[in-house]
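Each chain is listed here by its residues.
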Amino acid sequence: MQLLTPKNFNDYELIDCGDFEKLERFGKYITIRPEPQAVWSKRYDIKEWEKLAHVKFIPKSSSSGDWKMLKKMPEQWTIDYAFNSSSKITLRLGLTSFKHVGVFPEQAVNWQKIYTFLSQQKGAKFLNLFAYTGAASVAARAAGADVTHVDSIKQVVTWANENMQKSNLDNIRWLVDDALKFVKKEIRRGNKYQGIILDPPAFGHGPNGEKWKLEDNINEMMQSVLELVDVNSHLLILNAYSLGFSALVPQNLLQPFAEKHNSNLQIGELYLTAKSGVQLPLGVWGSIEK
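Calculation criteria
Residues numbered from 1 in each chain as written. Predicted model: local features only at pLDDT ≥ 70, side-chain atom pairs only at ≥ 80, totals over all residues. Heavy atoms only, no water. Helix = DSSP H or I, 4+ residues; strand = E, 2+ residues; numbered from the N terminus. Buried < 20%, exposed > 50% of the residue type's maximum accessible area, 1.4 Å probe, protein only. Polar contact = N/O pair within 3.5 Å; in protein donor to acceptor, adjacent residues only side chain to side chain. Arc of directions from axis to C-beta. Contact = heavy atoms within 4.5 Å. Pairing = 2+ DSSP bridges. Axes fitted to C-alpha atoms, helices over the stretch in contact; angles between N-to-C directions.

Draft legend 1. Up close: the environment of Lys-88. The residue Lys-88 is located in strand β8 (residues 88-94) in this model. For Lys-88, a relative accessible area of 47% puts it in the partly exposed group. In the structure, Lys-88 is positioned 176 residues away from Asn-264 in sequence and 28 Å away in space, judged by C-alpha atoms. Only 3.0 Å separates the side chain of Lys-88 from the side chain of Asp-80, close enough to count as a polar contact.

See below:
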């Protein structure tokens with residue numbers, strides 16, 4: 001079991017978290033957002049939080065809310081993530097009505113892993129499922145891979161395209177589709193991928209109303225996705241941000257394939273360390289690599 005956290009992500013910092021909130025710096029701007037895993041008390045005083053923050057998200061329902069401006073800042077801005085001294089990606093952030101800003105910073109661990117693996121693979125094909133705003137897609141393209149990006153929401157696919165362009169890249173294949181339906185089409189086409197990442201939500205809907213519930217659908221999804229893996233050379237990463245999931249879940253889903261094809265199986269948790277010293281868990285992961 002490995003606990004992984006991003007390193008050298010200069011444009012991001014978790015300052016503090018607690019009382020179901022987190023205080024974060026994205027580039028020059030500091031936000032206060034809800035965080036259901038932060039069940040402990042804040043380390044810093046709330047007055048310190050509000051003195052530092054530019055904006056605070058105020059929930060109106062379980063899925064939406066408004067941003068309260070505490071200091072002047074733009075609605076949209078950019079941050080960078082550097083893989084090394086000569087390669088980086090640029091991500092456009094924004095204040096959305098559903099508390100997100102367009103990036104999950106703990107996933108930088110996976111962007112780095114994808115970039116490092118694919119940089120060593122000439123002509124590799126990479127598939128990003130439940131791909132959101134596409135940081136992993138852009139990372140794979142920066143490494144020279146042939147990238148297919150699949151998400152069910154047109155607006156976030158458009159956002160991902162912006163991230164590609166801001167990173168001075170091109171030729172990512174964009175698809176607004178239901179992830180499982182797309183995977184089954186790819187199986188019928190006989191396509192194989194050297195790199196795959198999927199970060200399925202706890203709940204979701206496809207573009208035509210297809211229902212997704214993580215615990216109900218993840219087994220069928222993974223059995224199908226594994227049919228797309230190039231058995232000779234591959235990196236597959238499965239993320240699961242669910243309050244009830246153990247890292248043994250991805251282990252059990254990936255282990256039969258890993259044993260059959262002599263692939264290196266790893267599992268663990270992603271987390272962020274706050275400047276205040278507290279550690280925030282942000283989901284479990286499993287990977288197979290060969």
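Now that the structure is up, let's keep going.
Draft legend 2. Local environment of helix α5 (residues 179-189). All of the buried residues in α5 are Ala-179, Leu-180, Phe-182, Val-183 and Glu-186. Across the axial projection of α5, the buried residues extend over an arc of 160°, all falling on one side. Its buried side turned inward, α5 meets β9 (125-129), β10 (146-151), β11 (173-176) and α6 (214-225). Just past α5, the residue Gly-190 takes up positive phi, approximately 80°.

Draft legend 3. Structural context of the sheet that holds strand β6 (residues 65-69). Ordered in space as β2-β3-β4-β5-β6, the 5 strands form an open sheet in which the pairing is mixed. Sheet topology places β2 (12-18) and β6 at the edges, where each strand pairs with a single neighbour. The mean inter-strand angle of the sheet, taken between neighbouring strand axes irrespective of direction, is 20°.

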